[in-house]
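Here is how the chains run, residue by residue.
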Amino acid sequence: MKALLVIIAFCGIAWMDLPDMIKNKQWRNLAIYSAIFLSVLTFGVLVASDIKVPSPIKAIQVIYRDILGLSFKAS
Amino acid sequence: MKSTGGNISPKDLMFAVFCFIQATVLRSGYIIAVTRQDSWAMAMTGFLFAIPIVAIYAALLRKFPGKNLIEISDCIFGPIIGKVVSAFYLFFFLSLAALNAHDLGSFVVRYLMPETPIAMVLLISLMGCAYALRKGIENLMYLSICLSIIVAGAVAINSILVLNDMNPGFLKPFFQMDLMTYIQGTVTIGAVPMGEIIAFTMITPMLEKEKKVLKPLLFGLLLSAFSMAFAMLRDILTLGPLVSIVSLPSFESIRYVTLADTLTRMESIYAVVLILLFLFKVCILLYAFILGLSHILGRKNQPLPNQDHTNPSFNTDQPSNPKSFPPLTLISTALVFFYSLIVFESAMENIDWGASTAPFFSLTYELLLPAVSLLVAFLRKLGKAREVRE
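Residues numbered from 1 in each chain as written. Chains lettered and ligands numbered in written order. Predicted model: local features only at pLDDT ≥ 70, side-chain atom pairs only at ≥ 80, totals over all residues. Heavy atoms only, no water.

**Focus: the overall build of chain B**
Thinking step 1. The helix and strand tally for chain B stands at twelve helices and zero strands.
Thinking step 2. Listing the helices and strands of chain B from first to last along the sequence gives α-α-α-α-α-α-α-α-α-α-α-α.
Thinking step 3. For chain B, long-range pairs separated by at least 24 residues make up 83% of all intrachain contacts whose partners lie at least 6 apart in sequence.
Thinking step 4. For chain B, the exposed surface amounts to about 15,000 Å²; the carbon and sulfur share of it is 68%. (Helix = DSSP H or I, 4+ residues; strand = E, 2+ residues; numbered from the N terminus. Contact = heavy atoms within 4.5 Å. Areas by Shrake-Rupley, 256 points an atom, 1.4 Å probe, with all protein chains shown as cover.)

Have a look at this one:
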């Protein structure tokens, strides 16, 4: 259900963004936009479907704290 | 996303910096948990720590007048390495936007609307941000003056009303902690709220007086440092030892306000102000991300948005040269929305990140990358040798 809502929301975004690019024949922009759009849509559907997507912040924390040794002591 | 070139005054920029930093300052728990009753002094040492960082930004902007951070990276490192460096900056802006949106959502759900799903709060907030950006960043910059007055008024009135509950003895003992604790407090304040003004390097090419970048940034920081010290002093004097335990000291101290049993629940004013500030901050970070992404994806040899300062109808969704940029506002806002949903699983993870790793993560983008950029620019003798007098 949540994934369906995400897809509907993205249809709305596409409805607002795409017509100008198509009307003005901005094919390069359309290709770039489509790539970003599909990536974010996939990400959104995964999050909405409760599939665990790893947080980049946690990866950064591991790199800084455990690999580089750059962190303060949390009080 | 509209943005008119060359019509933001240095005064607007100064107050925008103030509002931007206040969003983090009003939730000062992550600093007070470390330096406790001496936290107010960290506002000043943090400001001193941030001065060289801001000086580096100012030097870069002077060397490459009319260009933002992403364009400067391209000029210094070339089209390929420049894009890689720019991608790092974009990731930083995106992460900051997601972290601040998450903080906003957590605050609303925890203190104001406990039964509401955080996704709904984030969705409505980010839709507001996207709408504000589509109406133009300069309108937000103008609003920063009004917002600053509201913030200063709210902090002053709340402080006066808790005067009866203050105990100067709570400030003792003075400076008895070990040096490392003060270094941690200074670096954290210098890097986390103050250094984040690197996002304004995406906006400074829109300044009326482009040369005057350093002064508004520094004065904005100074105002924030005083306001931060003042708010922390109030919270320490009101809450005493409790101050280092609660996650939102300002919120808890304002709960003490009661005037003749009629004027109570003053924390709601604080809550409204904090939400406005968070929205403002997320808007600026989102704008920096979208503008940076537009520059990276824009066609080579085509004019970039803020190079055309004379065009009053600049709009990155429908730019003056319509073939240059895809519309990215809504899709970027959606990205921030989903990112902010997965960024932390619990409040403890958020606190741990803020206290331990966030300063180093931030300094990488706020100090290391700009310092290396400036060094390379000097070594390669790039940019203008400007005769700017600040």
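And the narrative resumes.
**Re the overall build of chain A**
Thinking step 1. Check the secondary structure of chain A and you find three helices and zero strands.
Thinking step 2. Over its C-alpha atoms, taken along the principal directions, chain A stretches across nearly 55 × 30 × 20 Å.
Thinking step 3. By residue count, 36% of the 75 residues in chain A fall in the buried class.
Thinking step 4. If you take every contact in chain A between residues at least 6 apart in sequence, the share linking residues at least 24 apart comes to 48%.
Thinking step 5. Carbon together with sulfur atoms contributes 72% to the accessible area of chain A, which is approximately 4,700 Å² in total.
Thinking step 6. Between the centroid of the 8 positive side chains of chain A and the centroid of its 4 negative side chains there is a distance of 5 Å. (Buried < 20%, exposed > 50% of the residue type's maximum accessible area, 1.4 Å probe, protein only. Lys, Arg positive; Asp, Glu negative; His and termini not counted. Charge placed at Lys NZ, Arg CZ, Asp CG, Glu CD.)

**Regarding the pattern of salt bridges**
Thinking step 1. Tallied over the full model, the rule gives ten salt bridges over all chains.
Thinking step 2. Here K58 of chain A ties to E349 of chain B by a salt bridge, and the two come within 3.5 Å at their closest N and O atoms. Note that K58 of chain A is positioned in helix 3 (residues 56–67) and E349 of chain B in helix 12 (residues 347–379), a pairing that runs across two chains.
Thinking step 3. Here E267 of chain B and R255 of chain B are joined by a salt bridge, their closest N and O atoms 3.7 Å apart. (Salt bridge = Lys/Arg side-chain N within 4 Å of Asp/Glu carboxyl O.)

**Topic: helix 3 of chain A**
Thinking step 1. Compared with an ideal rise of 1.5 Å per residue, which puts twelve residues at 16 Å, helix 3 of chain A spans 15 Å between its outermost C-alpha atoms and is within 8% of the ideal.
Thinking step 2. Turning to helix 3 of chain A, its buried residues are I57, I60, Q61 and Y64 of chain A. Angular distribution of buried residues about the axis of helix 3 of chain A spans 100°; they occupy a single face of the element. The exposed set on the far side of helix 3 of chain A, more than 90 degrees from its buried face, consists of D66 and I67 of chain A.
Thinking step 3. Taken together, the buried residues of helix 3 of chain A touch helix 4 (69–112), helix 11 (329–342) and helix 12 of chain B.
Thinking step 4. Where helix 3 of chain A ends, the next residue or the one after it, G69 of chain A, has phi of about 70°, a positive value. (Expected span 1.5 Å × (residues − 1). Arc of directions from axis to C-beta.)

**Considerations on the interface of chain B and chain A**
Thinking step 1. Listed by partner, the interface residues are 43 residues for chain B and 35 residues for chain A.
Thinking step 2. The junction of chain B with chain A conceals about 3,400 Å² of combined surface from both sides, 70% of it contributed by carbon and sulfur atoms.
Thinking step 3. The largest per-residue losses of area from chain B upon contact with chain A belong to I331, F338 and I342 of chain B, which jointly make up 19% of the total buried on that side.
Thinking step 4. Between chain B and chain A we count four salt bridges in total.
Thinking step 5. A salt bridge links E345 of chain B to K52 of chain A; the nearest nitrogen and oxygen atoms lie 2.3 Å apart.
Thinking step 6. Here chain B and chain A share nine residue pairs in polar contact (both at pLDDT 80 or more) between them.
Thinking step 7. The set of elements that each furnish at least two residues to the side of chain B that touches chain A consists of helix 2 (29–35), helix 4, helix 7 (179–194), helix 10 (267–297), helix 11 and helix 12 of chain B. (Buried area = accessible area lost by both parts, 1.4 Å probe. Polar contact = N/O pair within 3.5 Å; in protein donor to acceptor, adjacent residues only side chain to side chain.)

**Here we look at the packing of aromatic side chains**
Thinking step 1. Summed over all chains, the structure comprises 21 aromatic pairs over all chains.
Thinking step 2. Ring centres of F92 of chain B and Y365 of chain B lie 4.8 Å apart, and the angle between their planes is 10°; on these two criteria the pair is classed as stacked. Placement of the pair is F92 of chain B in helix 4 and Y365 of chain B in helix 12, with a sequence separation of 273 residues.
Thinking step 3. For F92 of chain B, a relative accessible area of 0% puts it in the buried group.
Thinking step 4. Their ring planes at 65° and their centres at 5.0 Å tell us that F337 of chain B and F338 of chain B sit as a pair that is edge-to-face.
Thinking step 5. Joined through ring pairs, the aromatic side chains of Y64 of chain A together with F91, F92, F93, W353, F361 and Y365 of chain B make up one cluster.
Thinking step 6. Above the plane of the ring of F20 of chain B lies K281 of chain B, whose end atom (NZ or CZ) is 5.1 Å from the centre. (Phe/Tyr/Trp six-rings, centres within 6.5 Å; stacked < 30°, edge-to-face > 60°. Lys NZ or Arg CZ within 6 Å of the ring centre and 35° of its normal.)

**Some points on the nonpolar core**
Thinking step 1. Residues F93, I197 and F200 of chain B are the most contacted members of the largest nonpolar core, which totals 158 residues.
Thinking step 2. In terms of residues, this core owes the most to one element, helix 4 of chain B, which gives 21 residues. (Core = buried A, V, L, I, M, F, W, Y, C linked by side-chain atoms within 4.5 Å.)

**Considering helix 7 of chain B**
Thinking step 1. The end-to-end C-alpha separation of helix 7 of chain B is 21 Å, in line with the 22 Å expected for 16 residues at 1.5 Å each.
Thinking step 2. Burial analysis of helix 7 of chain B places 13 of its 16 residues in the buried class, which makes it a mostly covered element.

**Some details on the confidence of the model for chain B**
All names here are of chain B.
Thinking step 1. Model confidence for chain B is summarised by a mean pLDDT of 86, while 89% of its residues fall at 70 or above.
Thinking step 2. At the level of individual helices and strands, chain B shows its lowest average pLDDT in helix 2, which scores 83, and its highest in helix 11, which scores 96.
Thinking step 3. Across residues 301–323, where pLDDT falls below 50, the model places 52 contacts with residues more than four positions away in sequence or in other chains.
Thinking step 4. Considering only residues more than four positions removed or in separate chains, one finds that residues 386–390, a stretch of pLDDT under 50, has eleven contacts.
Thinking step 5. Scored by ipTM, the complex comes to 0.97, with pTM at 0.91. (pLDDT = per-residue confidence, 0-100.)

**A look at the side chain of T188 of chain B**
Thinking step 1. Tracing the sequence through the fold places T188 of chain B in helix 7.
Thinking step 2. Ignoring anything within four residues of it in the chain, the contact list for T188 of chain B reads F72 of chain A together with Y30, I31, P193, G354 and P359 of chain B.

**A closer look at the side chain of S55 of chain A**
Thinking step 1. With respect to the element layout, S55 of chain A can be found in the loop between helix 2 (27–48) and helix 3.
Thinking step 2. When near neighbours in sequence (up to four residues on either side) are disregarded, S55 of chain A contacts I342 and V343 of chain B.

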